[in-house]
Amino acid sequence: SRYNVGIQFKNNTKPRLSSVILVPEIDISASSQAEADAALAAGYSISKGIYLACDIVNAPHSILNSISLANTARRIAEESHGLIECIILGQEE
């Protein structure tokens, strides 16, 4: 998490993993490759959601207030290409 509220931590300068190459042990068909690609894409999307949730939970209110949270929800809905609908309610609702 980029927000470590109340936690003292050292600047971690260890190198980060930048890529992973998966090499199957057997020759796979095109349909199996498509299934593997779809599974990897789903896993990537899930991991992005987990990291975003951690950032939201750990963000101080001065960084992630109600307006920026609403904007984050709008961005998620836009990136979902219609799978998620975002309706922001005002004080009157």
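Above this note sits the structure.
Residues numbered from 1 in each chain as written. Predicted model: local features only at pLDDT ≥ 70, side-chain atom pairs only at ≥ 80, totals over all residues. Heavy atoms only, no water.

Peer 1: I tried to follow helix 2 (residues 66–79) on my own but got confused; where do I start?
Peer 2: Note that an α-helix has 3.6 residues per turn; residues three or four places apart therefore point the same way. For helix 2, built from 14 residues, the straight-helix expectation of 20 Å at 1.5 Å per residue is met to within 8% by its first-to-last C-alpha distance of 20 Å. Of all the positions in helix 2, only Ser-68, Ala-70, Thr-72 and Ala-77 are classed as buried. Once helix 2 ends, the next one or two residues include His-81, with phi positive near 55°. (Helix = DSSP H or I, 4+ residues; strand = E, 2+ residues; numbered from the N terminus. Expected span 1.5 Å × (residues − 1). Buried < 20%, exposed > 50% of the residue type's maximum accessible area, 1.4 Å probe, protein only.)

Peer 1: I keep staring at unusual backbone geometry and nothing clicks. Help me out?
Peer 2: Keep in mind that most residues, glycine aside, have a negative phi and that most peptide bonds are trans. For His-81, which is not glycine, the phi dihedral falls at a positive 55°. By the element assignment, His-81 lies in the segment after helix 2. Its relative accessible area of 73% is what places His-81 among the exposed residues.

Peer 1: Just to check I follow, could you spell out a nonpolar patch on the surface for this structure?
Peer 2: There is a patch of nonpolar side chains on the surface, built from Leu-17, Val-20, Leu-22 and Leu-40 and spanning about 460 Å² of accessible area. Inspection of the secondary structure puts Val-20 in the segment before helix 1 (30–58). Val-20 gets classed as exposed once you look at its relative accessible area, which sits at 59%. (Patch = residues over 30% accessible without salt bridge, like charges linked within 9 Å, V, L, I, M, F, W, Y side chains within 5 Å. Areas by Shrake-Rupley, 256 points an atom, 1.4 Å probe, with all protein chains shown as cover. Salt bridge = Lys/Arg side-chain N within 4 Å of Asp/Glu carboxyl O.)

Peer 1: Looking at this structure, how should I read the pattern of salt bridges?
Peer 2: Side chains that differ in sign of charge can pair as their charged atoms come close. For the structure shown, the criterion picks out one salt bridge. Note that Glu-79 and Arg-75 form a salt bridge whose closest N and O atoms lie 3.4 Å from each other. Taken together, the residues Glu-79 and Arg-75, both in helix 2 and four residues apart, mark about one turn of the helix. Judged by relative accessible area, which is 43%, Glu-79 ranks as partly exposed. For Arg-75, a relative accessible area of 36% translates into the label partly exposed.

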